[in-house]
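Descriptive analysis of the structure
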Amino acid sequence: MAMHQPRDTQPRPYLISVVLPCFNEEQVLEQTHERVTRALRDLPYEIVYVDDGSADSTWTLIEKLIADTPAGSGSARVRGVRLSRNFGHQAACLAGLAEAGGDAVVLMDADLQDPPELIPRMAEEWFKGWPVVSARRATRHGETRRKKATAYLYYRLLSRITDQPVALDTGDFRLLDRRVVDFVTSLGEKELFLRGAISWTGFPETSITYERDPRAAGTTKYTLRKMLALSRTGVLSGAAAMPLRIPTYLGVAALLGAGGLGVARRSAREAAPLGAFAAQSLACGVLGEYLLGVFRQVQGRPPYLVLEQIGSDRELGRTPRRDPAPVHLPVLESTRTGAPGPVPVEECS
C-alpha cells in the first residue's frame, strides 16, 4: 500500500502535547501525572490539564503540578486551563486542543482507564506518517455488562448510519497530528462530537488495541443523562439525514401495525388515530431535537469559557498560534480498489 511520507526526526525534536480533561479528579490526579510523565520521559512533551468546573481540589492540584514543573525546565512543561463551569467532556477536550501547541496532540481521560504507557506506541505510528492514531478497546475492565453491551451496539449502529465510518470500540483516546487539531478546532460547532468530527475529516487513521483498565480511584462522571446526550449528539452530527427519515419509516410501520390491530378488533376507527398519533409524536420529537441544535448554533455562544490559564503561550512569551490555514488532504491509494481515495482505518499488530 502506498503510504504517506514518514516524519524526519533528525532536524528538530517534535513536541507531543497530552490533553487531560478533568472533572473532580482529586483522588487520582497525582497518580495520573506520575504515570504520564514517566511514560513520556524520552520525548519532548507538554501536559495540558483542563479543569471542567470541578467542585473539589482538582484545580489546586493542577496549580501544584505546574509549580513543581516550572516553564522552560528541559523538554517538559505543564499547563492548566480552568473553565468557568462544567461544560462537559467534549467541550473540555476542545478547550485542551485549542490550548495545546504540540506537533501532535494526545487526548486521554485523567482517570487512568486509558494507560499513558500507550502514548509512545501511538507516537511511533505518528512518526511513520499516520495523522490519526486511535486506541481501540479490546476489553473494558471494571464496567457492567449493560454498559459494555450498549457501547458495543451503539458504536456499530453509529458506524452504519453515519456519513463517514467511525472507528469501532474507540473513544476519545487518540493521537492527532497538528493539521487535524487545527482543522477540528476551526469547525465552529457548538455541540461537537469529537470522534465523529475526526472521522469526518477523512484523514488516514490507524489504530492500536489495548485493554481498558478500571478507574484508578473515584467514580465515573459520565452519568446516564450525559451518555444519552453524547449519543444524541453523535447521531445528529454524524447522520444528519437518517434521523429525519426515521419518523417516516416508523410512522408507516405504526400505521400498518395499528391497521392490523384494528382488523383484529374490527375497529378501524380506533386503529387509525393510534397510528397517526405515534407517527406524529415521533416526528415532532426528532424535529424538536434538530431545532434545538440549530437554536444553540445560531445563539453564537462559545462551547466553553476559560476562567483562568497557567503556563499559557502569552505567559511564556510565545507567539500564539495563528488561525489554521486551509488543509489539503493527501490522496492515497485505496487498498480495496487501487483507485485514489481515503484509506480505511487500519489496525496495528
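A brief structural summary. Small disclaimer: the values here were computed from a predicted structure and weren't measured.

1. Considering the overall build of the protein chain
- Within the protein chain one finds ten helices and eleven strands.
- Out of the 349 residues in the protein chain, the part that is buried amounts to 44%.
- Split by element, the accessible area of the protein chain, about 18,300 Å² in all, is 56% carbon and sulfur.

2. Some points on the pattern of salt bridges
- Tallied over the full model, the rule gives twelve salt bridges.
- As a salt-bridge pair, R82 and E308 come within 3.6 Å of each other at their nearest N and O atoms. One end of the pair, R82, is in strand β3 (residues 76–83); the other, E308, is in strand β8 (residues 306–310), with 226 residues separating them in the sequence.
- The class of E308 is partly exposed, set by a relative accessible area of 29%.
- As a salt-bridge pair, E125 and K128 come within 3.1 Å of each other at their nearest N and O atoms.
- For E125, a relative accessible area of 9% translates into the label buried.
- When its relative accessible area of 44% is taken as the criterion, K128 is described as partly exposed.
- Members of the salt-bridge network, linked through shared partners, are E46, R77, R79 and E99.

3. Examining the packing of helix α3 (residues 89–99) against helix α6 (residues 178–185)
- The interhelical angle for the contact between α3 and α6, taken along N-to-C directions, is 125°, at an axis separation of 10 Å. Considering the angle they form, α3 stands oblique to α6. Considering how the two elements wind past one another, α3 and α6 form a crossing that is left-handed. Packed against α3, whose contacting residues are L94, L97 and A98, the element α6 presents V181, V184 and T185 at the interface.
- Partitioning the contact of α3 with α6 into residue classes produces five nonpolar, one polar and no charged.

4. Focus: the nonpolar core
- Judged by nonpolar contacts, the single largest core of 36 residues is most densely connected at V18, L20, L29, Y49 and F173.
- The element contributing the most residues to this core is helix α2 (residues 58–68), with five residues.
- Ignoring anything within four residues of it in the chain, the contact list for V18 reads V36, L40, E46, I47, V48, V106, M108 and I119.
- Residues F87, A100, V181 and L194 belong to the second largest nonpolar core, which totals 26 residues.

5. Things to note about the packing of aromatic side chains
- A full pass over the atoms with the stated rule returns five aromatic pairs.
- Relative to F127, the ring of W126 lies with its centre 5.2 Å away and its plane at 45°, an arrangement referred to as tilted.
- On the basis of relative accessible area, W126 is assigned to the buried category, the value being 1%.
- Note on F173 and Y210: the rings are 5.7 Å apart at their centroids and 85° apart in plane angle, and the pair reads as edge-to-face. A residue pair is termed long-range when its members are at least 10 positions apart, and F173 in strand β6 (residues 170–177) and Y210 in strand β7 (residues 205–212) qualify at 37 residues.
- Sitting above the plane of the F87 ring, R85 keeps its charged end 4.0 Å from the centroid.

The rules behind each value
Residues numbered from 1 in each chain as written. Predicted model: local features only at pLDDT ≥ 70, side-chain atom pairs only at ≥ 80, totals over all residues. Heavy atoms only, no water. Helix = DSSP H or I, 4+ residues; strand = E, 2+ residues; numbered from the N terminus. Buried < 20%, exposed > 50% of the residue type's maximum accessible area, 1.4 Å probe, protein only. Areas by Shrake-Rupley, 256 points an atom, 1.4 Å probe, with all protein chains shown as cover. Salt bridge = Lys/Arg side-chain N within 4 Å of Asp/Glu carboxyl O. Axes fitted to C-alpha atoms, helices over the stretch in contact; angles between N-to-C directions. Parallel < 35°, antiparallel > 145°, perpendicular 65-115°, else oblique. Left-handed = near helix turned anticlockwise from the far one by under 90°. Contact = heavy atoms within 4.5 Å. Nonpolar A, V, L, I, M, F, W, Y, C, P; charged D, E, K, R; others polar. Core = buried A, V, L, I, M, F, W, Y, C linked by side-chain atoms within 4.5 Å. Phe/Tyr/Trp six-rings, centres within 6.5 Å; stacked < 30°, edge-to-face > 60°. Lys NZ or Arg CZ within 6 Å of the ring centre and 35° of its normal.

By themselves, these are just geometric observations and shouldn't be taken as functional.
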